Amino acid sequence: MADAALGLRLFATIPPPTGPGGYPETVRRAARAAEAAGFTGALVYSDNNTVDPWVVAQEVLAATADFVPLVALQPLYVHPYAVAKKIATYASLYGRRIALNLVAGGSVGDLAALCDDNGAHDDRYLRLTEYARLIGLLLAGGGPVTFEGDYYRVRSLPLSPALPVHLAPELFISGSSDAGRRAGQTLGAVQVRYPQPPGTGTPGTGGDPGGGGVRIGVIARDTDQEAWAVAHERFPASRAGRLAQMAARGVSDSRWVADLSAADEFPGGPDSPYWMGPFLNHATYCPYLVGSHEKVEREIGGYVDSGCGTFVLDTARAEDDYARIVAVFHRALKR
């Protein structure tokens, strides 16, 4: 496992569905390849426009031996009791652990379609905190739960099957705002951020569990020229992509979307491997590190030195990406 070998955790990202049919095998193949390469687990997305992440998580569990689905969890989609029930059921069926990536918001259109009247950005993090607390109380055992909060209430609510203590879910939280950081600290969650280039901002801090985490993509080859050839083939610049990203920025109040949308394509300078091109062309949701092994490994070392203990990698575009990325992290730590 990557966490044992590296002293940090690597999470892949399960690819999204591309059309009807064949997706279960895509999920299984990606999960097996990531586990074989040494990843700890994989992020499973959730929003209005994709499949149910809990169904995908079950496919991941069934296809792997010791791999952790990191399920994106938005309070509007599933009641806290249903989440606790799913986690306890998976533990009973597979003897395995689920991790939760807590998400406060989404696009304005998605929230409006769900008639979410809790529109204030910071209030959504208060709701998310209460949501996660109730899930934790239900999973902790000790009998029926009574809870009176601002957003959720339950009375004498039991949970069956009971969850073994060692299978309690680890919490991650996405967000770069002060409200997001407060929620993460209250819940003891790993704070996952979208990083700036090392030296211009600290992706992890000593106050975060495990030093916090970053969400990033990696393309490293023997030379800069090879790496950039792959990068531009996978993420070609386009006017349509730029316009789509501008439109997405206009319907989001997320701090991280605003920060990344305002960035230059090469905010670390022309010689830096830190690249915003895929995000600015609406091809993915995170920065990339692109360049020779030496350059990319040095950049990763900067994040580790700043205290980052968890890396959530972008969706792999080729099956050998998983092994390539783990090898990059091994060499980065040796440097």
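Residues numbered from 1 in each chain as written. Predicted model: local features only at pLDDT ≥ 70, side-chain atom pairs only at ≥ 80, totals over all residues. Heavy atoms only, no water.

Caption draft 1: Spotlight on the overall build of the chain. Per the secondary structure count, the chain includes 13 helices and twelve strands. Across the 335 residues of the chain, 51% fall into the buried class. Counting only carbon and sulfur atoms, one obtains 52% of the accessible surface of the chain, whose full area is about 14600 Å². (Helix = DSSP H or I, 4+ residues; strand = E, 2+ residues; numbered from the N terminus. Buried < 20%, exposed > 50% of the residue type's maximum accessible area, 1.4 Å probe, protein only. Areas by Shrake-Rupley, 256 points an atom, 1.4 Å probe, with all protein chains shown as cover.)

Caption draft 2: The arrangement of the side chain of Thr284 in detail. Position of Thr284 relative to the elements: it lies in the loop between helix 11 (277-280) and strand 11 (288-292). Once residues within four sequence positions are removed from consideration, Thr284 is found in contact with Pro278, Phe279, Asp314 and Arg317. (Contact = heavy atoms within 4.5 Å.)

Caption draft 3: Representation of unusual backbone geometry in the model. Following Ser160, the chain continues to Pro161 via a peptide bond in cis, the omega torsion being 5°. Here Pro161 lies in the loop between strand 6 (153-157) and strand 7 (171-174). We note that Ser156 has phi near 45°; this positive angle belongs to a residue other than glycine. Mapped onto the elements, Ser156 comes out in strand 6.

Caption draft 4: Geometry of the nonpolar core. Of all hydrophobic cores here, the largest spans 39 residues; its most connected members are Ile14, Phe39, Ile300, Phe311, Leu313 and Tyr322. Ranked by residue count, the leading element in this core is helix 2 (residues 23-37), at seven residues. Those residues in contact with Tyr322 that sit more than four places away from it in its chain are Ala12, Ala30, Ala33, Ala34, Ala37, Phe39 and Ala316. Grouped together as the second largest cluster of nonpolar side chains are 38 residues, Ala91, Leu157, Ala179 and Ala183 included. (Core = buried A, V, L, I, M, F, W, Y, C linked by side-chain atoms within 4.5 Å.)

Caption draft 5: Structural context of the confidence of the model for the chain. Confidence in the prediction of the chain, expressed as mean pLDDT, is 87, and 85% of residues score 70 or more. Across the chain, strand 2 (residues 41-44) holds the top mean pLDDT of 98, while helix 1 (residues 2-6) sits lowest at 53. (pLDDT = per-residue confidence, 0-100.)

Caption draft 6: Structural context of the packing of aromatic side chains. Counted according to the given criterion, the structure contains ten aromatic pairs. Geometrically, the ring pair formed by Phe235 and Trp275 is edge-to-face, given 6.4 Å between the ring centres and 65° between the ring planes. Here Trp275 lies in strand 10 (residues 274-275) and Phe235 lies in the loop between helix 8 (224-234) and helix 9 (239-250), a separation of 40 residues in the sequence. Of the residues examined, Phe235 reaches a relative accessible area of 4% and is grouped as buried. Relative accessible area serves as the criterion here: at 1%, Trp275 is assigned to the buried category. Joined through ring pairs, the aromatic side chains of Trp228, Phe235, Trp275 and Tyr288 make up one cluster. (Phe/Tyr/Trp six-rings, centres within 6.5 Å; stacked < 30°, edge-to-face > 60°.)

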